[in-house]
Amino acid sequence: MIVCIGAFDGYHRGHFSLFRQAREMAARAHTEWKIVTFSPHPRYVLGGLKARLFTLEDAAFLRRNFDIPEPLEIPFTREFASTEPRLFLDELRARLGVTGIVVGREFRFGRDRSGDGEFLARYCAERGLELALMPQLVMDDGIVVSSTRVRDMVQAGNVDQAAELLGYPWFLFSEVVGGERRGRAMGYPTANMLPDEKKLTPGEGVYAGAMWHGGRWWPAAISVGRNPTFLVQGSLRIEAHVIGFHGDLYGRRPLLAFLKRLRLMTRFSGRMSLMKQLALDCEETRRVFDASRPLLKVFHCLPSFD
Ligand SMILES: Cc1cc2nc3c(=O)[nH]c(=O)nc-3n(C[C@H](O)[C@H](O)[C@H](O)COP(=O)(O)O)c2cc1C
Ligand SMILES: Nc1ncnc2c1ncn2[C@@H]1O[C@H](COP(=O)(O)OP(=O)(O)O)[C@@H](O)[C@H]1O
């Protein structure tokens, strides 16, 4: 068994290069490969990580889509974090029959983060295990691909940049719940997406996006904000006007993909000026949606209903 060890908050282009390597090593050795990961996310337990890029449901969808085998999820606690690296690997070998290891070069694990590349090289050489220490992937513009970087981009509203690092648009699955029913009266009904507190929220603003519903993609103009035109201290909401759609979404759990931020949230003088702007937002959303069709094709394993 070839194991690919890491924290994995969803999967980005850097992870995919690790998986390619693991797949190749497994094929050469006529064996299988598997991700070994930790749950909850180590940085959530040790501090620093408040919200994830992707929920466990999102990650399961990504694995189906990208043909990634079911991972081994090791319960992560503070005690576990101080396991001797050698002990951790001895147990993993006994459990899975490990013949090779693939990790990112910057990966550290175990007591005092002493399980580093140097340790792994020694451990593997002494036991005849194959080891691949993969360098961090760097984009053409010099940006280093990492989950932290993608999280920062999504939180800053730079979802188009995030998509470049991920290899697919950042998305969420969430239940559609009722709102104040103002949208319909303006001619722009919006599906209110129930936020998941474990998942991060994109920066406030208006986005061009796409919703997968009823077996097809729809262009969706998305608002992430507190409805400042109508409310003084509204709560943060994610809502999507699905362009060209007429029907009921309450109680559904569609996938909403974020393609590009179009503008910041604005407090308009009234509903007429907001409606004028919404028409422009929808026009721009259609344009971005049409240009993003190749990116959406990356998702080829979508549910036929939701
Ligand atoms: C594409 C889009 C852009 C929006 N932009 C703004 C905005 O700039 N300012 C604002 O106050 N509300 C904005 N909204 C939110 C509307 O105020 C909100 O959809 C409306 O109040 C309906 O609320 P309801 O779902 O509770 O009926 C936007 C909504 C959409 C779909
Ligand atoms: N094109 C559309 N985009 C989004 N939701 C739509 C659309 N057409 C119909 N709907 C339905 O209308 C609801 C939103 O209407 P809206 O008046 O904004 O009500 P609410 O305030 O309850 O969200 C959605 O949840 C969905 O069921």
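Residues numbered from 1 in each chain as written. Chains lettered and ligands numbered in written order. Predicted model: local features only at pLDDT ≥ 70, side-chain atom pairs only at ≥ 80, totals over all residues. Heavy atoms only, no water.

K.L.:
Quick question: what am I supposed to make of the UniProt feature "domain: Riboflavin kinase" (unreviewed entry) in the chain here?
P.N.:
In the UniProt entry, the feature "domain: Riboflavin kinase" (unreviewed entry) is given for residues 165-290. Helix makes up 21% of residues 165-290 and strand 33%. Its end C-alpha atoms lie 21 Å apart. (UniProt positions renumbered as here; feature names shortened; annotations may be inferred. Helix = DSSP H or I, 4+ residues; strand = E, 2+ residues; numbered from the N terminus.)

K.L.:
What is the right way to look at the sheet that holds strand β2 (residues 33-39) in this model?
P.N.:
Across a sheet, strands are paired by hydrogen bonds formed along the backbone, either parallel or antiparallel in direction. Sheet architecture is open: five strands sit in the order β3-β2-β1-β4-β5, paired in parallel fashion. Here the strands that pair on one side only, and so sit at the sheet edges, are β3 (72-75) and β5 (130-134). The average angle at which neighbouring strand axes cross in this sheet is 20 degrees, direction not considered. Of the strand pairs in this sheet, strand β1 (residues 2-5) and strand β4 (residues 100-104) are connected by three bridges, and their pairing is parallel. Bridging across to β4, I2 finds its partner in G100. Running over the sheet, helix α1 (residues 13-28) touches β1, β2, β4 and β5 and is turned about 170 degrees from β4. (Pairing = 2+ DSSP bridges. Axes fitted to C-alpha atoms, helices over the stretch in contact; angles between N-to-C directions. Contact = heavy atoms within 4.5 Å.)

K.L.:
Which parts of the structure should I look at to understand the environment of V177?
P.N.:
Inspection of the secondary structure puts V177 in strand β7 (residues 176-177). Measuring from C-alpha to C-alpha, the distance between V177 and E130 comes to 50 Å, with 47 residues separating the pair along the chain. Contact partners of V177, with chain neighbours within four places excluded, come to N192, L194 and Y250.

K.L.:
Can you walk me through the pattern of salt bridges in this structure?
P.N.:
For the coordinates displayed, the defined rule picks out 16 salt bridges. For E126, the salt bridge goes to R127, with nearest N and O atoms at 3.4 Å. Residue class for R127 comes out partly exposed when judged on its relative accessible area of 29%. For the salt bridge of R226 with E204, the shortest nitrogen-to-oxygen distance reads 3.0 Å. Note that R226 is positioned in the loop between β10 (216-225) and β11 (237-242) and E204 in the loop between β8 (191-193) and β9 (205-213), a separation of 22 residues in sequence. Since its relative accessible area comes to 37%, R226 is described here as partly exposed. Through salt bridges with shared partners, a single ionic network connects E180, R182, R237 and E239. (Salt bridge = Lys/Arg side-chain N within 4 Å of Asp/Glu carboxyl O. Buried < 20%, exposed > 50% of the residue type's maximum accessible area, 1.4 Å probe, protein only.)

K.L.:
Can you walk me through the packing of aromatic side chains in this structure?
P.N.:
How two aromatic rings sit relative to each other is given by the distance of their centres and the angle of their planes. Counted according to the given criterion, the structure contains 31 aromatic pairs. Measuring from centroid to centroid gives 5.6 Å for F61 and F299, while their planes differ by 45 degrees, and the two rings are tilted. In this pair, F61 sits in helix α3 (residues 56-66) while F299 sits in the segment after α11 (293-296), placing the two residues 238 residues apart along the sequence. On the basis of relative accessible area, F61 is assigned to the buried category, the value being 1%. With centroids separated by 5.6 Å and ring planes inclined at 40 degrees, the aromatic side chains of F66 and Y168 adopt a geometry described as tilted. Taken together, the residues span a long stretch of sequence, with F66 in helix α3 and Y168 in the loop between α8 (159-166) and β6 (171-173) at a distance of 102 residues. For Y168, a relative accessible area of 0% corresponds to the buried category. One cation-aromatic arrangement involves R127 over Y123; the distance from NZ or CZ to the ring centre is 3.8 Å. Its end group placed over the ring of F171, K199 keeps NZ or CZ at 5.3 Å from the ring centre. (Phe/Tyr/Trp six-rings, centres within 6.5 Å; stacked < 30°, edge-to-face > 60°. Lys NZ or Arg CZ within 6 Å of the ring centre and 35° of its normal.)

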